[in-house]
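Remarks on the overall topology
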Amino acid sequence: MIARFLLLVVLFLTDVAAQERRDVFVVLSSGDSLDATLYLPTLGGPRPSLLFVHGFGLSKEADTASARIYAASGYVTMCYSVRGHGASSGSSTIMASQERADLAEVIDYLRRMPETDNHRVGLVGGSQGGLHGLWAAADGLPVAALSSDVIVPHWASDMLMNGSIRRTVVLLLQSPGVRYAPARDTLWQLLRADDYDAFRAAFVAGRDVDTALLNASTVPTLRLLKWQDHYFSAEDGIAAFLASPAPKKLYAGTRGHFSDAAEAGRVYQYDQVTRWMGHFLKDEQNGITDEPVLTVAASSLPLDSSGAFTWTRTGVNRPDGTTSGVVFVPGSNPALFVAVGQTGVAYTKDFGATWIHADTTTTYGVGVAGAGVGFFAGARNACAYRRK
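These remarks concern the structure in this document. Source: prediction; values computed, not measured. (Residues numbered from 1 in each chain as written. Predicted model: local features only at pLDDT ≥ 70, side-chain atom pairs only at ≥ 80, totals over all residues. Heavy atoms only, no water.)

1. Section: the overall build of the protein
Here is the rule we go by: Secondary structure elements follow DSSP: runs of H or I no shorter than four residues count as helices, runs of E no shorter than two count as strands, and numbering proceeds from the N terminus. Residue burial is assigned from relative accessible area. The probe radius is 1.4 Å, only protein chains are included, and a residue is buried under 20% of its type maximum, exposed over 50%, and partly exposed in between. Any two residues having at least one pair of non-hydrogen atoms within 4.5 Å are treated as being in contact. All accessible-area figures derive from a Shrake-Rupley calculation using a 1.4 Å probe, and residue coverage is judged against the displayed protein chains alone.
A count of helices and strands for the protein gives 11 helices and 17 strands. Considering the protein as a whole, with its 388 residues, one finds that 53% of them fall into the buried category. If you take every contact in the protein between residues at least 6 apart in sequence, the share linking residues at least 24 apart comes to 61%. As displayed, the protein offers around 16900 Å² of accessible surface, 55% of which is attributable to carbon and sulfur atoms.

Printed below as a string of structure tokens:
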């Protein structure tokens, strides 16, 4: 894997000079303008394109290196500073409706460029950038592939789970370099007053992604979730992933907000993004769709010299005969996956290395809301259960 990664980098860098950098401002219908950088390969003809969107509190500069590398492999690439960030005008509404509206106009700008194949536009982003990917899917924007890293659909609610305000909310409200809309001041005062109910009502509205809209999308989506993330819980993202009817792939592991920075995890995820986009935007037959749809990295002792865990990555396959559905049981420890199909029901606690068959009744659907709540539906009957 590392050798293939290094080879890709060498191939990319040998052709970096064969591209044009173009710095522009995208003028929006609101009157604001977004600072953007484009890299245009000199290969000629309309090319597939990739739009990179940065995380909260950063700017387009966080993505220019990636944009330059992918342009060297034949993509038209674009990165921009979200409103209220970098040299863009406007004010941040903290990952809400205005940023969502801006995204549609940025994608339209990219698709209208003569150098771009407007049927082959992909979006890559993490955190705030990953949320832009979920917005693109939920809003039916004209994109052909997505990579959404370290974000979940109900991210705003997730930060307020268990009747408490997560400490990292403070970082969203007081991030250096971000120019905020007045709504931030209202949220800050509610936070200081410890008025949870009022804060929740003001913060969640317009920020969570409607999963009914998200699950109507058929855009191929790669999702990257992180167990240790200090902002967002992986379980909500896993549930959304399992409900999606689109071509999909999921990695759940490390390298999230304030989590272990495992280098092997970075190399693996970079490879996944590169091959996902290559397959769906450039028709590359690279085997990405033949691999397990779910890959899990689990932590274990010993710790290394930096205090990080040892991480082991495993692809989760369904056992033979149980191909109608597979679900993760939220809150299970160790992680529990249940698969159903023609030959019955099976489960695994070791990420698919071994499966235990629990029932032989043909089952077509399964859903689990928690360790004690769920349903099964089969050829002869359906049942719901709730453990008290």
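Resuming the write-up.
2. Side note on a nonpolar patch on the surface
Rules: For patch building, the residue pool is restricted to those with more than 30% relative accessible area and no salt bridge; the joining distance is 9 Å between like charges and 5 Å between nonpolar side chains (Val, Leu, Ile, Met, Phe, Trp, Tyr). By definition here, a salt bridge exists when the distance from a side-chain nitrogen of Lys or Arg to a carboxyl oxygen of Asp or Glu is within 4 Å.
There is a patch of nonpolar side chains on the surface, built from L301, L303 and F309 and spanning about 300 Å² of accessible area. With respect to the helices, strands and loops of the structure, F309 is situated in the loop between β9 (294–300) and β10 (310–316).

3. Describing the pairing of strand β6 (residues 145–149)
Note the cut-off: The rule for pairing is simple: two strands pair if DSSP sees at least two bridges between them.
A large share of β6 lies buried, amounting to five of its five residues. Residue alternation in β6 divides its side chains into two sets, A145, S147 and D149 and L146 and S148, and both sets are buried. Where strand β5 (residues 116–126) lies against β6, five bridges are found, and the strand directions are parallel. From the neighbouring strand, L123 faces β6, where its bridge partner is L146. As judged from the four bridges shared by β6 and strand β7 (residues 221–226), these two strands associate in the parallel manner. When the bridges of β7 are listed, L146 appears paired with T221.

4. A short note on the pattern of salt bridges
Oppositely charged side chains are able to pair whenever their charged atoms sit close together. The full count for this structure, using the stated rule, is 19 salt bridges. For D149, the salt bridge is made with K226, and the minimal N-O distance between the two is 2.7 Å. Of this pair, D149 sits in strand β6 while K226 sits in strand β7; the two residues are 77 residues apart in sequence, bridging distant segments of the chain. For the residue pair D149 and K226, the accessibility class agrees, reading buried in each case. The residue D185 makes a salt bridge to R184 at a minimum N-O spacing of 3.1 Å. The exposure class assigned to D185 is partly exposed, which follows from its relative accessible area of 42%.

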